[in-house]
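Notes for the structure review
What follows is each chain in one-letter form.
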Amino acid sequence: GAVVSQHPSRVICKSGTSVKIECRSLDFQATTMFWYRQFPKQSLMLMATSNEGSKATYEQGVEKDKFLINHASLTLSTLTVTSAHPEDSSFYICSAKPGTANSPLHFGNGTRLTVT
Amino acid sequence: KQEVTQIPAALSVPEGENLVLNCSFTDSAIYNLQWFRQDPGKGLTSLLLIQSSQREQTSGRLNASLDKSSGRSTLYIAASQPGDSATYLCAPDYGNQFYFGTGTSLTVIP
């Protein structure tokens, strides 16, 4: 089955630093990738949708200058949390969707970010 | 904004029982609907995708039904096992726009 690899699985960083999270589709081309944030015992909150080669579309309330998304190829999207603060600590999950109509969504295993 | 509701929020059953998880969504103009499971601290695993033109989809002990016009889907799990313990989420697809419910947390007691 389709596999999405997300790296790193856990990261601890100091306040003010930047962290990059990678999301790769290993065996299919992902024309669209999604980035979610999940708080404990809550559902997934969509942060942004990215299409290969174009700018990401951010959901209302998500700061695009803080959460930089790059989708430079059909198999790789990155999320960079810039100047991280403790309130950015969360579980970040990416998902990818092949280009064919009505194809399923596949998720990475998530990244636990802790900002100290 | 689309709303997705899942009932019950939590469910605890003894091993071997059959169970039904419910999902309702406010806008019925979906392309398809997907069911996922999420284990603690992990991403989501796709279980079933049911197209808007389908009424049901089966995979092993899982059966998902869809009543698009009424905005409802159910996930039926037969002969539950402790390994089925997880949070189950449904997500209707509105054309590359997926909305998630808060899930049903299932515990299967050995």
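Residues numbered from 1 in each chain as written. Chains lettered and ligands numbered in written order. Predicted model: local features only at pLDDT ≥ 70, side-chain atom pairs only at ≥ 80, totals over all residues. Heavy atoms only, no water.

Details of the overall build of chain B
So the rule is basically this: Runs of E in the DSSP output that reach at least two residues are strands. Runs of H or I that reach at least four are helices, and both are numbered from the N terminus. Each radius of gyration reported is based on C-alpha atoms, and the globular scaling rule is 2.2 Å times the count of residues to the power 0.38. Accessible area is worked out with a 1.4 Å probe on protein chains only. A residue is then buried under 20% of its type maximum, exposed over 50%, and partly exposed in between. We call two residues contacting when some pair of their heavy atoms lies within 4.5 Å. Calculation of accessible area relied on Shrake-Rupley with a 1.4 Å probe; when residues are assessed, cover is drawn exclusively from the protein chains displayed.
Secondary structure assignment for chain B yields zero helices and 10 strands. Starting at the N terminus and walking to the C terminus, you meet the elements of chain B as β-β-β-β-β-β-β-β-β-β. For chain B, the C-alpha radius of gyration of 13 Å lies close to 13 Å, the compact-globule estimate for 110 residues. The 110 residues of chain B split such that 43% are buried. Put simply, 54% of the contacts in chain B that link residues at least 6 apart link residues at least 24 apart. Accessible area for chain B stands at about 5,100 Å²; split by element, carbon and sulfur atoms hold 47% of it.

Things to note about the pairing of strand β1 (residues 4-7) of chain B
Residue and element names in this part refer to chain B. Our working rule: Between any two strands, at least two bridges found by DSSP are needed for them to pair.
Residue alternation in β1 divides its side chains into a buried set, Val 4 and Gln 6, and an unburied set, Thr 5 and Ile 7. Summarising the sheet, β1 and strand β3 (residues 19-25) pair through four bridges and their orientation is antiparallel. Bridge pairing in β3 links Ile 7 to Asn 22.

Points about the interface of chain B and chain A
Stated formally: Polar contact is defined as a pair of N or O atoms within 3.5 Å, subject to the rule that within protein one atom must be able to donate a hydrogen and the other to accept it, and that residues adjacent in sequence are counted only when both atoms are side-chain atoms. Three classes are used: nonpolar for Ala, Val, Leu, Ile, Met, Phe, Trp, Tyr, Cys and Pro, charged for Asp, Glu, Lys and Arg, and polar for all others, with Gly counted as polar.
Contacts between the two partners involve 19 residues from chain B, matched on the other side by 17 residues from chain A. Put simply, chain B and chain A have six residue pairs in polar contact (both at pLDDT 80 or more) between them. Contributing elements (two or more residues each) for the side of chain B that touches chain A: β4 (32-38), β5 (44-51) and β9 (86-93) of chain B. The residue makeup of the side of chain B that touches chain A, split by class, is seven nonpolar, 10 polar and two charged.

Digging into the packing of aromatic side chains
The line we're drawing: Stacked, edge-to-face and tilted are the three classes for Phe, Tyr and Trp ring pairs, Trp counted by its six-membered ring, which pair at centre distances within 6.5 Å; planes under 30 degrees apart are stacked, over 60 edge-to-face, the rest tilted.
Under the definition given, this model contains nine aromatic pairs over all chains. Relative to Phe107(A), the ring of Tyr36(A) has its centre 5.7 Å away and its plane inclined at 40°; by these criteria the two rings are tilted. One end of the pair, Tyr36(A), is in strand β4 (residues 30-38); the other, Phe107(A), is in strand β10 (residues 106-107), with 71 residues separating them in the sequence. Ring pairs connect the aromatic residues Phe34(A), Tyr36(A), Phe107(A), Phe36(B), Phe98(B) and Phe100(B), which therefore count as one cluster.

Overview of the pattern of salt bridges
Residue and element names in this part refer to chain B. The test is simple: What counts as a salt bridge is simple: a side-chain nitrogen of Lys or Arg found within 4 Å of a carboxyl oxygen of Asp or Glu.
Scanning the entire structure with this criterion turns up four salt bridges over all chains. Salt-bridge contacts for Asp 39 lead to Arg 37; the nearest nitrogen and oxygen are separated by 2.8 Å. Note that Asp 84 is salt-bridged to Arg 61, the shortest N-O span being 2.8 Å. Of the two residues, Asp 84 sits in the loop between β8 (72-77) and β9 while Arg 61 sits in the loop between β6 (56-59) and β7 (62-67), which places them 23 residues apart along the sequence. Judged by relative accessible area, Asp 84 falls into the buried class, the value being 8%.

Topic: the sheet that holds strand β8 (residues 76-81) of chain A
Residue and element names in this part refer to chain A. Test applied: Note on geometry: axes are lines fitted to C-alpha atoms, helical ones only across the stretch in contact, with angles between N-to-C directions running from 0 to 180 degrees.
Taken in spatial order, the four strands make up an open sheet running β1-β3-β8-β7, and their pairing is antiparallel. The sheet terminates laterally at β1 (4-7) and β7 (67-73), the two strands that pair on one side only. Neighbour-to-neighbour, the strand axes of the sheet open up by a mean angle of 15°, direction not taken into account. Pairing of strand β3 (residues 19-25) with β8 involves six bridges; the strand directions are antiparallel. Bridging across to β8, Arg 24 finds its partner in Leu 76.

Digging into the pairing of strand β2 (residues 10-13) of chain A
All names here are of chain A. Because side chains alternate across β2, one face comprises the buried residues Val 11 and Cys 13, and the other comprises Arg 10 and Ile 12, none of which is buried. Pairing of β2 with strand β11 (residues 111-115), which is carried by four bridges, proceeds in the parallel orientation. Bridged to Ile 12 within β11 is Thr 114.

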